[in-house]
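Descriptive analysis of the structure
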Amino acid sequence: MLKSSEWFSLNQLIECCTTLAYQDNYPKHSHQEYILSANLSGVERIWLNGKTSFVQSGQVTCYNPESIQSSTFAEQPTRFISIHIPQHALIDVIRENHLSSSHSAPVLTEGVLHHPELFQYIQSFTQQHSTEQTQQAFLLLCASLFQSPQFADHQTSHAIRLLQDYMRTELTRKISLDELSQISGLSKYYLIRSFKKFVGIPPLQYHMQLESTTHVIYCVSMCIHLMLQLHWVFMIKVILLEF
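All values derive from a computational prediction rather than experimental measurement.

Thresholds applied
- Within every chain, residues take consecutive numbers counted from 1 along the sequence as written.
- The predicted origin of the model limits local features to residues at a pLDDT of at least 70 and limits the giving and counting of side-chain atom pairs to 80 or more, whereas totals for whole chains, interfaces and linings rest on all residues.
- Side-chain measures were taken over the full set of non-hydrogen atoms in the model, leaving aside hydrogen atoms and water.
- Secondary structure is summarised from DSSP: a helix means a run of H or I of at least four residues, a strand means a run of E of at least two, and numbering begins at the N terminus for each.
- When accessible area is computed with a 1.4 Å probe and restricted to protein chains, residues below 20% of their type maximum are described as buried, those above 50% as exposed, and intermediate ones as partly exposed.
- Throughout, a contact is declared for two residues whenever any of their heavy atoms are within 4.5 Å.
- In these tables, accessible area is a Shrake-Rupley quantity obtained with a 1.4 Å probe, and a residue counts as shielded only by the protein chains included in the view.
- Pairing of N or O atoms within 3.5 Å defines a polar contact, subject to two protein rules: one partner must be a possible hydrogen donor and the other a possible acceptor, and residues neighboring in sequence count only if both atoms are side-chain atoms.
- By convention, a stacked pair of Phe, Tyr or Trp rings (six-membered ring in the case of Trp) has centres within 6.5 Å and planes under 30 degrees apart, an edge-to-face pair has planes over 60 apart, and any other such pair is tilted.
- Here, a strand pair is defined by DSSP locating no fewer than two bridges between the strands.
- Inter-axis angles, ranging from 0 to 180 degrees, are taken between N-to-C directions of lines fitted to C-alpha atoms, where helices are fitted over the stretch in contact.
- The predictor attaches a confidence to each residue, and that confidence, scored 0 to 100, is pLDDT.
- As used here, the arc belongs to the directions running from the helix axis to the C-beta atoms.
- Pairs of cysteine sulfur atoms within 2.5 Å are what we label disulfides.

The next thing to look at is the overall build of the protein chain. Regarding its fold elements, the protein chain presents seven helices and 10 strands. The proportion of buried residues among the 243 residues of the protein chain is 40%. Looking at the protein chain alone, contacts between residues at least 24 apart form 70% of all its contacts between residues at least 6 apart. Looking at the protein chain as shown, the accessible area adds up to about 13800 Å², and 57% of this sits on carbon and sulfur atoms.

Moving on: the side chain of Ser-37. Position of Ser-37 relative to the elements: it lies in strand β4 (residues 34-41). Within the structure, the side chain of Ser-37 is placed 2.9 Å from the side chain of Ser-82, a separation counted as a polar contact. The contacts of Ser-37, once residues within four sequence positions are left out, are Gln-59, Val-60, Thr-61, Phe-80, Ile-81, Ser-82 and Ile-122.

Another aspect to go through is the packing of aromatic side chains. One pass over the structure, following the stated rule, counts five aromatic pairs. Taken together, a centroid distance of 5.8 Å and an interplanar angle of 10 degrees make the contact between Phe-73 and Phe-80 stacked. The class for Phe-80 is buried, based on a relative accessible area of 4%. Taking 5.2 Å as the distance between ring centres and 85 degrees as the angle between the ring planes, the aromatic pair formed by Tyr-189 and Tyr-190 counts as edge-to-face. For Tyr-189, a relative accessible area of 1% corresponds to the buried category.

Taking burial as the measure, the eight residues of strand β9 (residues 78-85) include seven buried ones, the bulk of the element. Summarising the sheet, strand β2 (residues 14-21) and β9 pair through seven bridges and their orientation is antiparallel. Across the sheet, the residue bridging to Ala-21 is Thr-78, located in β9. As judged from the seven bridges shared by β4 and β9, these two strands associate in the antiparallel manner. Paired with Tyr-34 across the two strands is Ile-85, which belongs to β9.

Okay, the environment of His-103 next. The topology assignment puts His-103 in the loop between α1 (87-96) and β10 (111-113). Expressed as a C-alpha distance, the spacing of His-103 and Ile-91, which sit 12 residues apart in the sequence, is 6.2 Å. Ignoring any residue separated from it by four or fewer positions in sequence, one finds His-103 in contact with Ile-91 and Arg-95.

Pairing within the open sheet is antiparallel, and its four strands lie in the order β3-β8-β5-β6. Each of the sheet's edge strands pairs with one partner strand only, and the pair in question is β3 (24-29) and β6 (51-55). On average, each strand axis in the sheet is tilted by 20 degrees relative to the strand beside it, whichever way the strands run.

With that out of the way, let us pick up the confidence of the model for the protein chain. Mean pLDDT for the protein chain: 83, with 79% of residues reaching 70 or above. Put simply, helix α7 (residues 203-242) is where the protein chain has its lowest mean pLDDT, 64, and β4 is where it has its highest, 96. Here residues 148-152 is modelled with pLDDT under 50, and outside its nearest four sequence neighbours on either side it reaches 12 contacts, counting other chains as well.

Time to look at helix α2 (residues 116-126). All of the buried residues along α2 are Leu-118, Phe-119, Tyr-121, Ile-122, Phe-125 and Thr-126. What you see down the axis of α2 is that its buried residues fit within an arc of 165 degrees, all on one side.

Taken as a whole, helix α5 (residues 177-184) has its buried residues at Leu-177, Glu-179, Leu-180, Ser-181 and Ser-184. Gly-185 occupies a position one or two residues after α5 and carries a positive phi of about 80 degrees.

Moving on, we come to the state of the cysteines. Applying the stated rule across the entire model yields zero disulfides. There is no disulfide at Cys-17, and the cysteine sulfur nearest it, in Cys-16, is 8.0 Å away. Judged by relative accessible area, Cys-17 falls into the buried class, the value being 4%.

Turning our attention to the environment of Lys-174. Tracing the sequence through the fold places Lys-174 in the loop between α4 (154-168) and α5. We classify Lys-174 as exposed; its relative accessible area is 63%. Sequence separation between Lys-174 and Leu-204 is 30 residues, and the spatial gap between their C-alpha atoms is 8.9 Å.

In structure tokens, the structure reads:
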């Protein structure tokens, strides 16, 4: 039985779904898009390029456009997330960020991948709701797919520190990736990848953490202020009673 649910489209461009499958199969077929899947539970048996493999929970499968593939599911239910990425979406990322002199569709590593970072980004991508968060998650996903070299030069680290300082002064409103890209002089692709390397989390999450921390500090300071006021009121009453 194949039970697909939660089909949805992101930016009217990329389709995603979660699937629960058992005692069934996908016969040999192909897609025009790139297919990325994250196996959340269970085991999937796949056939790709004449080779049979088993996909365990926590692993990723990747298929290039036009690749012939099939899947078989046993009695144990298998649950997975699939993302269908049009070829032009990856071509646009490559062209806009000068990742290759060729503007043709990239050929990705196919089959079963043990790639915890990519697995995490597939999950994260399907959980975003705002346009900015979705764009950030997609670029992180692409960076993980392309395995672009992480650069740590002085100019980039200076740009990241500049962004951190800027975000600390802008805690009363939402910021955008376009805004951060303009300030840093980095493309959104390299901005997100580099920021996560230097800071540990993507820029939008960093800004939200700053907002949350600032709110907590404010609440704590107000409590302390109130407690001090109550203490002084009590002390004044004690002094007055003594007289």
